[in-house]
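Listed below, chain by chain, are the residues.
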Amino acid sequence: MNVSLNWLKEYVDLDDSVTVKEIVDKITMTGTKVEKYEMFGNKTKLVYTARVESISKHPSDDKLSVLKLDLKDKHLVAVAKIPDIEVGDIIPVALPGAQIIGKEVKEGMVNGVNSECMVCHVLDLGLSKDMPWVKPSGLLVFPKDVEIGVDINDILGLGDYIIEFEITPNRPDCLSIEGIANELALTFNKPCKSLWQYKEENFERCDSV
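Residues numbered from 1 in each chain as written. Predicted model: local features only at pLDDT ≥ 70, side-chain atom pairs only at ≥ 80, totals over all residues. Heavy atoms only, no water.

Overview of helix α2 (residues 20-29)
Those residues of α2 that fall on the buried side of the exposure criterion are V20, I23, V24 and I27. All buried residues of α2 fall inside an arc of 95 degrees around its axis, so they share one side. Where α2 is buried, its residues touch α1 (5-11), β2 (34-40), β12 (160-165) and α4 (177-187). Immediately downstream of α2, the backbone of G31 shows phi near 110 degrees, a positive value. (Buried < 20%, exposed > 50% of the residue type's maximum accessible area, 1.4 Å probe, protein only. Helix = DSSP H or I, 4+ residues; strand = E, 2+ residues; numbered from the N terminus. Arc of directions from axis to C-beta. Contact = heavy atoms within 4.5 Å.)

Written out as structure tokens, the structure reads:
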């Protein structure tokens, strides 16, 4: 069973100083075995969703495209080599100053055309090409209803840890997020919130027919 650490922290208030390794080691010792854990992508800054408004060929290089991008509050141009990009695609775009895998994004001239931002490949974000919404080139394309101009951390939850638990047949209580959260709370001697608690007045009582 795969569980988001950030989601667990909505139930159990753990100090940021508690590392994921400490969480994994302690909860395993209390009987809830962890198979593995890994970070989901890399938390980024200055990477936002943008819609591709138009695509044209680069004037001096047929392998490159010049993209006009809509980020809601601004319109930018990017030069990219992405054969399967289409008008209307909603994609991740890094602005100058953004730190992504192995590089800092800068505005600059690409064969005579000024590229004001950079279209991100999934590997730039620390993600796998096997995840949903990824084209063969590695371009991440969000669903059409995703808002543009939004920080992609808010959409993808980058930098979160995904913990894989081995749930044995005698522990059906752990086959849910809240069940694992209860184990985490007991492990660290913390209260466990219930996200399904509502005041009685929020419900209307109905007589059965």
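A few points about the side chain of K135
Structurally, the position occupied by K135 is in the loop between β11 (118-119) and α3 (152-156). Judged by relative accessible area, K135 falls into the buried class, the value being 16%. Non-local contacts of K135, meaning those with residues more than four positions away in its chain, are made with D84, I85, E86, D89 and V141.

A few points about the pattern of salt bridges
Under the counting rule described, the total for this entry stands at 11 salt bridges. Between R51 and D70 there is a salt bridge, with the nearest N and O atoms lying 3.9 Å from each other. You can see R51 sitting in strand β3 (residues 47-58) and its partner D70 sitting in strand β4 (residues 61-70), a full 19 residues away along the chain. The exposure class of D70 is buried, given its relative accessible area of 13%. Among the charged side chains, a salt-bridge network with shared partners connects K33, E35 and E166. (Salt bridge = Lys/Arg side-chain N within 4 Å of Asp/Glu carboxyl O.)

What about the environment of L156?
Along the chain, L156 turns up in helix α3. Exposure remark for L156: the relative accessible area of 13% places this residue in the buried category. Put simply, L156 and T44 are 112 residues apart on the chain and 11 Å apart in space, counted from C-alpha to C-alpha. The residues contacting L156, other than those within four sequence positions of it, are F40, L127, W133, L140 and F142.

Side note on the pairing of strand β6 (residues 90-94)
Counting buried positions along β6 yields 5 of 5 residues, so the element is predominantly enclosed. Alternating residues of β6 divide into I90, P92 and A94 and I91 and V93, and every residue in both groups is buried. As paired elements, β3 and β6 share 5 bridges and run antiparallel to each other. Residue pairing in the sheet places T49 in a bridge with P92 of β6. Here β6 runs beside β11; their pairing, made up of 2 bridges, is antiparallel. Bridge pairing in β11 places V93 opposite V119. (Pairing = 2+ DSSP bridges.)

Structural notes on the side chain of D70
A distance of 2.8 Å separates a polar side-chain atom of D70 from the backbone nitrogen of K72. Here D70 is in contact with A50, R51, E53, H75 and I148, once residues within four sequence places are set aside. (Polar contact = N/O pair within 3.5 Å; in protein donor to acceptor, adjacent residues only side chain to side chain.)

Description of the sheet that holds strand β1 (residues 2-4)
Pairing in this open sheet of 3 strands is antiparallel, and the strands run β1-β12-β2 from one edge to the other. A single partner strand is all that each edge strand has here, and the edge strands are β1 and β2. The mean angle between the axes of side-by-side strands here comes to 25 degrees, regardless of whether they run parallel or antiparallel. With 6 bridges connecting them, β2 and β12 associate as antiparallel partners. Within β12, the residue paired with M39 across the bridge is Y161. Contacting β2 and β12, α2 runs over the sheet at an angle of about 165 degrees to β2. (Axes fitted to C-alpha atoms, helices over the stretch in contact; angles between N-to-C directions.)

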